Structures are given as C-alpha cells and as structure tokens.
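Next come the chains, spelled out residue by residue.
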Amino acid sequence: MRKIDVKKVVVAYSGGLDTSVIIPWLKENYHCEVVAFVADVGQGEEELEGIEAKAIASGASSCFIADLKEEMVADYIYPTLKTGALYEGKYLLGTSMARPIIAKAQVECALEVGADALCHGCTGKGNDQVRFEGAFAALAPELHVIAPWREWDLVSREECLDYLAERNIPCTASLTKIYSRDANAWHISTEGGVLENTWNQPDEDCWVWTVDPEQAPNESELVTLHVENGEVVAVNGETMTPYNALVYLNEKGAKHGVGRIDIVENRLVGMKSRGCYETPGGAIMMEALRAVEQLVLDKSAYEFREELGLKASHLVYDGRWFTPLCDSILAASAELAKDVNGEVVIKLYKGQATVVQKRSPNSLYCEEFATFGEDDVYDQSHAGGFIRLYSLSSRIRTLNKHKNS
C-alpha cells in the first residue's frame with residue numbers, strides 16, 4: 001500500500017501497548033510529527049497517571065488531554081437513554097457511546113494544531129474502526145485517516161514489546177495480559193481469556209467493578225431517583241450533574257452486584273464476539289426511566305419509543321451518531337421525554353435493581369379507572385361496541401370467506 005504524504009498527525013492515545021507502538025511507527029513510516037490526544041471519559045485516574053510523559057517518551061511532540069466526562073454523560077449517554085436503546089436486547093452500549101465524543105474532540109484537536117491526518121489504534125477486526133472513521137468522515141472528511149493495524153506486520157503483543165525494546169522506549173505493558181478491557185464512566189468491558197470459549201463460565205477476573213451478587217450484602221438498599229424530561233437530575237434528594245449522578249449510582253450498584261451481563265453479540269464487521277459488561281449505574285438509570293415511561297406514555301407513544309430504541313441501538317453500535325437519522329431519532333425521543341417526569345424508588349439487592357415505587361405528575365394511571373371495584377367513571381357495557389369496531393376487519397374477512405366458499 002502506497003503511504004500518503006502527511007506532515008502532522010493527531011493520534012488517539014491511551015497509553016497502552018498499541019498506541020505506545022503507534023507513535024514511533026508513525027514517525028518511522030510516515031516521517032511526520034505526531035501529536036498525542038488523550039480523552040478523559042472517566043476511565044480512571046490510574047490509566048491517566050503520567051500519560052503525558054509517557055506519550056512524549058514514545059516520541060510525540062506534544063500531548064493534549066481533554067476532560068470529556070460531563071459532556072459525554074450529558075450529551076451522549078442521557079440522550080441515548082431517552083431512546084431506551086439496548087443493543088440486541090441487553091447491551092447498554094458502553095464502548096459505543098464514548099466513541100463519537102472522543103472522535104469529535106480528536107478532530108477538534110487536529111484542526112486546532114493544524115494537522116492533516118488522524119490516527120486510531122483500532123484493530124481491523126472490531127467495531128471501533130468503523131465508529132472512529134465514520135465520525136471522522138462526518139466531521140472532517142478533508143483529513144487523512146491512518147489505521148496502523150490495517151497496515152503494519154506486527155501481529156502479537158510479543159512483537160509489539162520487542163518493537164519498543166529495540167527503540168529503548170519505556171512501556172509498562174507485559175506478556176501476562178489476559179483480558180482486553182475498555183473503561184469509561186458508563187461501563188467497563190472485558191473480552192478474551194476464558195471468555196473466548198462460550199462454554200467457559202466467566203471467572204472472577206472477568207469482573208472488575210461489581211461485587212459477585214452471591215457475595216453482595218444480605219440487606220437490600222433503596223435509592224430514589226428524580227427524573228425530569230427523561231433525565232436523572234437528583235438521587236436520594238440531592239441534585240446532581242449527569243456525571244456525578246452516574247458516579248454515585250455506579251458505586252451503589254457495584255456494591256450490590258448490579259449491572260453485569262455476559263453476552264455474545266453480532267459485531268458490525270460480521271463476526272460474533274463475547275464480552276462481560278458491567279454498567280451498574282446505567283442499569284439503575286435505565287430502570288428508573290422506563291418506570292416513569294410506564295406511567296406517562298400511552299400505548300402508541302410507548303410502542304413508538306420502543307421502535308426508536310431499537311433503531312438507536314443499531315445506530316450507536318454501528319458508529320452512525322453524526323447522521324441525520326440519528327439526529328431525528330434523538331429529537332423524537334427528546335420530544336416524548338418531555339412528559340417523563342417523576343420519582344422512582346429502586347431496591348438494590350443481589351444483582352437486581354427492582355423498581356418498588358413510582359409516581360409522576362403526568363401519570364395516565366388512575367386508580368378510579370383501573371379498579372376492579374365499583375366506580376362511576378367507566379361503564380363496562382361500553383366495551384362491547386368498542387370491541388365490535390376494533391375487530392370489524394376480522395369479522396368482514398371471515399364473512400367474505402363464508403360467502404365465497
């Protein structure tokens with residue numbers, strides 16, 4: 001493959017083995033200046049500690065760190081939550097929802113420093129390459145994109161470590177890494193190791209944030225969430241920013257083993273993959289929003305919201321955030337969420353987040369209408385005419401069959 005001419009490239013840098021190799025590889029193969037871009041999306045202080053010095057030691061001319069935590073939760077996670085998106089019925093899209101904001105901030109950094117190219121460390125087998133490059137194409141199609149894993153001949157951790165050792169570039173990575181993990185404020189994922197055989201049960205090393213439900217406290221805990229316009233705005237009576245609410249609920253949920261899933265999913269590129277995902281705070285938030293929806297959305301509106309959620313789950317997973325269709329779905333779900341206001345009490349116990357109380361000023365539920373006892377608001381005899389009209393097409397179809405037989 002003929003390499004493009006590049007003067008300055010901004011690389012999405014994590015400080016891990018892959019991106020530590022990518023920086024010197026870019027300099028040697030593209031003979032360009034390399035700027036490292038680090039996105040703080042809540043992956044933890046441990047992963048960010050000393051990362052700027054590490055990037056410079058790897059050969060970067062400079063390193064920019066962007067704090068994206070609040071923006072990610074407020075502008076990407078909360079809007080997606082309103083749609084009710086669950087990929088393949090279970091996955092809360094933890095990795096997927098972080099990618100568009102990282103890509104957007106990386107593009108902004110590239111334009112600011114006058115770069116003519118972008119680079120990511122995604123492999124040629126995964127979904128992230130599509131998510132990053134789809135965002136790059138939508139936001140700055142004039143910038144070149146370099147994907148080293150689709151170009152170089154390094155195929156193992158051993159080769160990557162040897163590559164750095166030959167160049168006297170320090171790296172804390174080792175050959176003992178078993179699992180591939182991705183973390184942000186919303187979730188942590190674990191892939192590889194024992195999970196590569198679907199008959200293997202996950203061992204305790206597969207779980208990082210959450211307590212084993214069997215070892216969780218024997219006493220349940222209640223948390224109260226206040227929801228406005230489909231967004232969690234307060235927890236246990238305390239007003240919180242979206243990010244702070246998530247951090248608080250992550251801690252509460254993890255303590256009780258809430259938010260664990262073990263799934264085999266369909267990747268966009270065609271293969272299946274298995275992962276263990278932990279989203280404790282997200283699982284609690286999702287339960288709260290759906291509980292308020294049950295009170296305020298009528299049957300047709302709820303059905304439409306479910307359709308939006310299914311479509312949104314694929315759009316987010318497939319890296320199509322910056323598209324008119326995604327904008328339309330988010331706008332529609334935001335409109336539906338205008339009435340999603342209320343208060344929900346959730347019981348946390350042994351891996352479960354169970355709604356035990358819910359109320360809303362916009363509730364369509366009326367005890368007087370729903371009661372099985374005597375009431376003055378509903379005449380049961382009226383239901384007969386409704387059913388006759390509701391089933392009229394079925395009646396006519398069968399009468400026609402009798403007439404023509």
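The following refers to the structure shown. (Residues numbered from 1 in each chain as written. Predicted model: local features only at pLDDT ≥ 70, side-chain atom pairs only at ≥ 80, totals over all residues. Heavy atoms only, no water.)

## Let's talk about the overall build of the chain
When its secondary structure is counted, the chain shows 14 helices and 14 strands. Projecting the C-alpha coordinates of the chain onto the three principal axes gives extents of approximately 85 × 60 × 45 Å. Here the chain holds 405 residues, and the buried ones make up 48% of them. Long-range contacts, defined here as pairs at least 24 residues apart, represent 74% of the contacts in the chain between residues at least 6 apart. Here the chain has roughly 20700 Å² of accessible surface; of this, 50% comes from carbon and sulfur atoms. (Helix = DSSP H or I, 4+ residues; strand = E, 2+ residues; numbered from the N terminus. Buried < 20%, exposed > 50% of the residue type's maximum accessible area, 1.4 Å probe, protein only. Contact = heavy atoms within 4.5 Å. Areas by Shrake-Rupley, 256 points an atom, 1.4 Å probe, with all protein chains shown as cover.)

## Focus: a negative patch on the surface
Judged by side-chain charge, Glu45, Glu46, Glu47 and Glu49 come together as a negatively charged surface patch. Here Glu47 is to be found in helix α2 (residues 45–48). (Patch = residues over 30% accessible without salt bridge, like charges linked within 9 Å, V, L, I, M, F, W, Y side chains within 5 Å. Salt bridge = Lys/Arg side-chain N within 4 Å of Asp/Glu carboxyl O. Lys, Arg positive; Asp, Glu negative; His and termini not counted. Charge placed at Lys NZ, Arg CZ, Asp CG, Glu CD.)

## Some points on unusual backbone geometry
Phi angles above zero are rare outside glycine, and Glu88 is one such case at about 50°. With respect to the helices and strands, Glu88 occurs in the loop between α4 (69–83) and α5 (94–113). Given the relative accessible area of 37%, Glu88 is considered partly exposed. Even without being glycine, Asn229 reaches a positive phi, approximately 55°.

## As for the pairing of strand β11 (residues 260–266)
In the sheet, β11 pairs with strand β12 (residues 272–278) via 7 bridges, with the strands oriented antiparallel. Bridge pairing in β12 places Ile263 opposite Gly275. Here β11 folds back onto β12 in antiparallel fashion, the turn holding 5 residues, of which Gly270 has a positive phi close to 115°. (Pairing = 2+ DSSP bridges.)

## Considerations on the packing of α4 against helix α8 (residues 242–255)
Where α4 meets α8, the axes come as close as 7 Å, and the angle between the chain directions of the two elements is 90°. With respect to each other, α4 and α8 are oriented roughly perpendicular. Residues Lys69, Glu70, Val73, Ala74 and Tyr78 of α4 form the contact with α8, whose own contacting residues are Pro242, Tyr243, Asn244, Ala245 and Leu246. (Axes fitted to C-alpha atoms, helices over the stretch in contact; angles between N-to-C directions. Parallel < 35°, antiparallel > 145°, perpendicular 65-115°, else oblique.)

## Concerning the sheet that holds strand β5 (residues 144–146)
Strand order in this open sheet of 5 strands is β3-β2-β1-β4-β5, and the pairing throughout is parallel. Each having just a single partner strand, β3 (62–67) and β5 make up the two edges of the open sheet. Direction aside, neighbouring strands of the sheet carry axes that sit 25° apart on average. The sheet contacts of helix α1 (residues 17–30) involve β1 (8–12), β2 (33–40), β4 (117–119) and β5, and relative to β1 the element is tilted by about 165°. Where helix α3 (residues 51–58) meets the sheet, its contacts fall on β2 and β3, and the angle it forms with β3 comes to roughly 150°.

## Thoughts on the side chain of Lys82
Note on placement: Lys82 falls in helix α4. We classify Lys82 as buried; its relative accessible area is 12%. Setting aside chain neighbours within four positions, we find Lys82 in contact with Asn229, Gly230, Glu231, Leu289, Arg290, Glu293, Arg305, Ser333, Ala334 and Ala337.

## What about the side chain of Thr19?
Looking at the element boundaries, Thr19 is found in helix α1. Not counting residues within four places of it along the chain, the set of residues in contact with Thr19 comprises Ala12, Tyr13 and Ser14.

## Description of the sheet that holds β12
Spatial strand order, β6-β7-β12-β11: 4 strands in an open sheet with antiparallel pairing. A single partner strand is all that each edge strand has here, and the edge strands are β6 (179–183) and β11. Within the sheet, the average angular offset between the axes of one strand and its neighbour, ignoring direction, is 25°. With 3 bridges connecting them, strand β7 (residues 188–192) and β12 associate as antiparallel partners. Counterpart to Thr190 in the pairing with β12 is Cys276.

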